[in-house]
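What follows is each chain in one-letter form.
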Amino acid sequence: MTFEIVFDSAREFESLIATLEKFFDEAVFQVNMEGIQMRAIDPSRVVLVDLNLPEMLFSKYSVESEEAIAFDLKRFLKVLKLARSRDTLVLRKGGENFLEVGLLGDENTWFKLPLIDANTPEIEIPSLPWTVKAVVLAGALKRAVKAAKLVSDSIYFMATPEKLTFKAEGNDSEVRTVLTMEDPGLLDLEHKMTKAKSAYGVAYLEDILRSLADADEVIIRFGFDIPLLLKYMVRDAGEVSFLIAPRVEEGRS
Amino acid sequence: MTFEIVFDSAREFESLIATLEKFFDEAVFQVNMEGIQMRAIDPSRVVLVDLNLPEMLFSKYSVESEEAIAFDLKRFLKVLKLARSRDTLVLRKGGENFLEVGLLGDENTWFKLPLIDANTPEIEIPSLPWTVKAVVLAGALKRAVKAAKLVSDSIYFMATPEKLTFKAEGNDSEVRTVLTMEDPGLLDLEHKMTKAKSAYGVAYLEDILRSLADADEVIIRFGFDIPLLLKYMVRDAGEVSFLIAPRVEEGRS
Amino acid sequence: MTFEIVFDSAREFESLIATLEKFFDEAVFQVNMEGIQMRAIDPSRVVLVDLNLPEMLFSKYSVESEEAIAFDLKRFLKVLKLARSRDTLVLRKGGENFLEVGLLGDENTWFKLPLIDANTPEIEIPSLPWTVKAVVLAGALKRAVKAAKLVSDSIYFMATPEKLTFKAEGNDSEVRTVLTMEDPGLLDLEHKMTKAKSAYGVAYLEDILRSLADADEVIIRFGFDIPLLLKYMVRDAGEVSFLIAPRVEEGRS
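Residues numbered from 1 in each chain as written. Chains lettered and ligands numbered in written order. Predicted model: local features only at pLDDT ≥ 70, side-chain atom pairs only at ≥ 80, totals over all residues. Heavy atoms only, no water.

Some thoughts on the relation of the copies chain A and chain C
Stage number 1. Placing chain A over chain C gives an RMSD of 0.0 Å and needs a rotation angle of 120°, together with 0.1 Å of translation along the axis. In short, the pair behaves as if placed about a three-fold rotation axis. Within chain A, the C-alpha atom positioned nearest to the axis of rotation is that of Ser85(A), 16 Å from it. (Least-squares fit on C-alpha atoms with pLDDT ≥ 70 in both.)

Structural data, given as structure tokens:
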């Protein structure tokens, strides 16, 4: 046995993998003493995803030696979708080139998922001149994105010291969602006194936010025409971060 | 500002507009001191719709001068569909050729919807020799229409002093739904002692009834081969009426 | 009136007919003093269905003389799908060549369904050398079938004295669901000490199980490469049995 890892909610793991699967067909996971990590850039090269699940998140974490495993995310997701609400997830690897996936509950179901060649380029996460940091509820962000989508495939993130504004412009119409510190959807807003306005693709944001519950907290950082950093926690200790390239448009308002 | 009108449930307004959108791509609304009115005949010229929302239905009703505004119903409906259950709806018009639509709740979202040219022919509602008046629950009427649809695209409305019958005839089959005053779905039945039987298109009735809850009361009036008047209330003070042309068929039973 | 039969839950009858409709376009029902019976083999000749609804299941059972009636199951099902949760079902036949179907509840709706020619070959149910008998919850069986479906269109039923195993093999993957007497999904397991392993088509099992609730009990009997007998009760007195031919494959593990 090279590793045996147990996570107490197969359903919660499914929602994590469902998000990754929006961006990647396959993924390489680093399994080591510290936990499980994954970092990759999507084929369109717009989104960098960085996942870190420290070993303390797992109810059992037994890893003999560091290992990189790669597999088809769609197939893994289909297996996870069979999980019932109280099923435990077991990930196991022995000598064979399989990931054994166990859904343990009222029945015990075991899948053998074939591993594929792991190709792992080194990816650096750049540090960027973000001038805005905000903590928002996923529900508020989802609704702002949904409203923007009615008129455009781009959404502007804008901020002043008092408010966070999401704006989209269509040919003959316009949508604007405004959050202030009085609104339940905005939990924190830090703003350096410079112009903060960047546009991002609506579809990328939809894919990232889909698996979040309305009450989940999301940390966003942006500035003037620079990438958006969007981050949320997995049970206080794990982290999923997305770095999304901005859309730079001509003749913008 | 030429008007600012506030309705306390954006969701309820959505359901009204959803019904209109089944019949019209665009609509002209008369906004005046008394309230908001709309009257139009659908492109197939089978259904006349008459909507009247008196100013007392609104939590704020500030109108400077009478005005006719027209816009794309599909686009307006998409905006309203973003409303959450407790969102308030604001309709606002200033000097520009836009309707500003606000969904105010946990977030405040504002849409600018372009206005289009208002073309408003005068439409008279004819008075007809109706011999039956009945008050039915929308749920009972919906189910009668659904049953009829199994065998035909026409449904007969028939009445005797004791019962209201909905009948449809297929090639080799037949469906009949009967309501008497003992059934919870029939609240009132008035019948003048003459033959009452008319056929109407099932699809029109489906479109009209879709947005109603099963417990909503619907007033119907019909007679012998004449249009059906179908009416329901909006919060006791507003009214939506439909006048539906009958189908006159050969060799009917 | 040749018969009038009343069943107190139209919805429950619908779920029975929905299962039959997966296998047959039309069906012949024997209506006699004992009750209603149907026995038929599906067009692919893989599944034999045997239905027996004794007269005690019905709240009214008035049959003048034995009769075989046949009709289109799809049409009958569409009618039953209109039933509301507390509707009573009435099946009535008079002199005409119609089955009158009544859904009686808040409204009374009556359908006339045309009867077709009844063609009734005599079908014998073979007695087979089953070596395993198990009682399982439909939910556990459904999930085992769903898991198998991820990798194959065949599922192996296997048993040892201690456990019931459902296995499927794909090109490069494998799924295995195991039930022991400690699992809530396995209520009883009898096993004669011989090899018990047979493969069946996943799609047939899905069609059979679809209408069952997770908590419904299902009796299964199988052995080595022989048909599966799958049976469940209708209110303790009625029975629906399926005999499913095995898939005999080359080079199986």
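A look at the interface of chain A and chain C
Reports often express the size of an interface as the amount of accessible area lost when the parts come together.
Stage number 1. Chain A puts 14 residues into the contact, and the matching count from chain C is 15 residues.
Stage number 2. Where chain A abuts chain C, roughly 1,300 Å² becomes buried across the two surfaces, and 54% of that area is made up of carbon and sulfur atoms.
Stage number 3. Where chain A touches chain C, the interface holds two salt bridges.
Stage number 4. Between Arg143(C) and Glu107(A) there is a salt bridge, with the nearest N and O atoms lying 2.8 Å from each other.
Stage number 5. Linking chain A to chain C there are seven residue pairs in polar contact (both at pLDDT 80 or more).
Stage number 6. At the level of elements, helix H2 (73-80) and strand S9 (108-114) of chain A are the ones that each hand at least two residues to the side of chain A that touches chain C.
Stage number 7. Broken down by class, the residue content of the side of chain A that touches chain C amounts to six nonpolar, two polar and six charged.
Stage number 8. Two elements, S9(A) and strand S13 (residues 174-180) of chain C, share five bridges in a ladder whose sense is antiparallel. Bridge pairing links Phe111(A) to Val175(C) in S13(C). (Contact = heavy atoms within 4.5 Å. Buried area = accessible area lost by both parts, 1.4 Å probe. Salt bridge = Lys/Arg side-chain N within 4 Å of Asp/Glu carboxyl O. Polar contact = N/O pair within 3.5 Å; in protein donor to acceptor, adjacent residues only side chain to side chain. Helix = DSSP H or I, 4+ residues; strand = E, 2+ residues; numbered from the N terminus. Nonpolar A, V, L, I, M, F, W, Y, C, P; charged D, E, K, R; others polar. Pairing = 2+ DSSP bridges.)

Let's talk about the pairing of strand S1 (residues 3-7) of chain A
Residues and elements named next belong to chain A.
Stage number 1. Across the five residues of S1, five count as buried, placing the element largely inside the fold.
Stage number 2. Burial of S1 is two-sided: the residues Phe 3, Ile 5 and Phe 7 facing one way and the residues Glu 4 and Val 6 facing the other way are all buried.
Stage number 3. Taken together, the five bridges between S1 and strand S7 (residues 88-93) define a ladder with antiparallel strand orientation. Residue pairing for S7: Val 6 is matched across the bridge by Val 90. (Buried < 20%, exposed > 50% of the residue type's maximum accessible area, 1.4 Å probe, protein only.)

A word on empty space enclosed by the protein
Stage number 1. Per the counting criterion, the structure on display carries five cavities of 30 Å³ or more.
Stage number 2. Estimated volume of the largest cavity: approximately 110 Å³.
Stage number 3. Lining the largest cavity are 13 residues, with Arg143(B), Leu82(C), Asp87(C), Glu107(C) and Thr109(C) sitting closest to its centre.
Stage number 4. Mapped by element, the contributors of at least two residues to the lining of the largest cavity are helix H3 (138-149) of chain B together with strand S9 (108-114) of chain C.
Stage number 5. It is H3(B) that provides the largest number of residues to the lining of the largest cavity, a total of three residues.
Stage number 6. Along the lines of polarity and charge, the residues of the lining of the largest cavity split into five nonpolar, three polar and five charged. (1 Å grid on protein atoms, 1.4 Å probe; cavity = no way out; pocket = protein on both sides within 12 Å on 5 of 7 lines; lining within 4 Å. Points joined across faces, edges and corners; volume = space filled by probe spheres on them.)

A closer look at the environment of Val6(A)
All names here are of chain A.
Stage number 1. Within the secondary structure, Val 6 sits in strand S1.
Stage number 2. The spacing of Val 6 and Leu 89 is 83 residues in sequence and 5.7 Å in space, taken between C-alpha atoms.
Stage number 3. Not counting residues up to four positions away in its chain, the partners in contact with Val 6 are Phe 58, Ser 59, Lys 60, Thr 88, Leu 89 and Val 90.

Here's the deal with the packing of aromatic side chains
Stage number 1. The final tally for this structure, using the stated rule, is 36 aromatic pairs over all chains.
Stage number 2. Each member of the aromatic cluster is reached from another via a ring pair, and the members are Phe7(A), Phe13(A), Phe29(A), Phe58(A), Tyr61(A), Phe71(A) and Phe76(A).
Stage number 3. The ring of Phe98(C) has Lys112(C) lying over it, and the distance from NZ or CZ to the ring centre is 5.7 Å.
Stage number 4. The positively charged end of Lys197(C) is found above the aromatic ring belonging to Tyr156(C), 4.7 Å away from the centroid. (Phe/Tyr/Trp six-rings, centres within 6.5 Å; stacked < 30°, edge-to-face > 60°. Lys NZ or Arg CZ within 6 Å of the ring centre and 35° of its normal.)

With respect to the interface of chain C and chain B
Stage number 1. At the junction of the two partners, chain C supplies 14 residues and chain B supplies 15 residues.
Stage number 2. Between chain C and chain B, a total of about 1,300 Å² is buried, with carbon and sulfur atoms accounting for 54% of that surface.
Stage number 3. Where chain C touches chain B, the interface holds two salt bridges.
Stage number 4. Between chain C and chain B we count seven residue pairs in polar contact (both at pLDDT 80 or more) in total.
Stage number 5. Contributions of two or more residues to the side of chain C that touches chain B are made by helix H2 (73-80) and S9 of chain C.
Stage number 6. Broken down by element, the residue count for the side of chain C that touches chain B peaks at six residues, all from S9(C).
Stage number 7. Within the side of chain C that touches chain B, the residues separate by chemical class into six nonpolar, two polar and six charged.

Regarding unusual backbone geometry
Stage number 1. At Asp236(A), a residue that is not glycine, the phi angle is positive and equals roughly 65°.
Stage number 2. Here the phi dihedral of Arg235(C) falls at roughly 50°; this positive angle occurs in a residue that is not glycine.
Stage number 3. On the basis of relative accessible area, Arg235(C) is assigned to the partly exposed category, the value being 34%.

Some thoughts on helix H4 (residues 202-209) of chain B
Stage number 1. Counting buried residues in H4(B) gives six out of eight residues, a clear majority hidden from the surface.
Stage number 2. For H4(B), the full list of buried residues reads Val202(B), Tyr204(B), Leu205(B), Asp207(B), Ile208(B) and Leu209(B).

Some points on the domain arrangement of chain A
Residue and element names in this part refer to chain A.
Stage number 1. Taken domain by domain, chain A holds domain 1 (3-114) and domain 2 (132-244).
Stage number 2. In this structure, domain 1 and domain 2 have C-alpha centres spaced 28 Å apart.
Stage number 3. Contact with domain 1, which involves 22 residues of that partner, is made by 16 residues of domain 2.
Stage number 4. In total, about 1,600 Å² of surface goes out of reach between domain 1 and domain 2, with carbon and sulfur atoms giving 61% of it.
Stage number 5. Along the contact surface separating domain 1 from domain 2 lie two salt bridges.
Stage number 6. The partner of Arg 235 in a salt bridge is Asp 8, and the shortest N-O contact between them spans 2.8 Å.
Stage number 7. Counting only elements with at least two residues in the side of domain 1 that touches domain 2, the list comes to helix H1 (10-23) and strand S4 (47-54). (Domains from an automatic or database assignment.)

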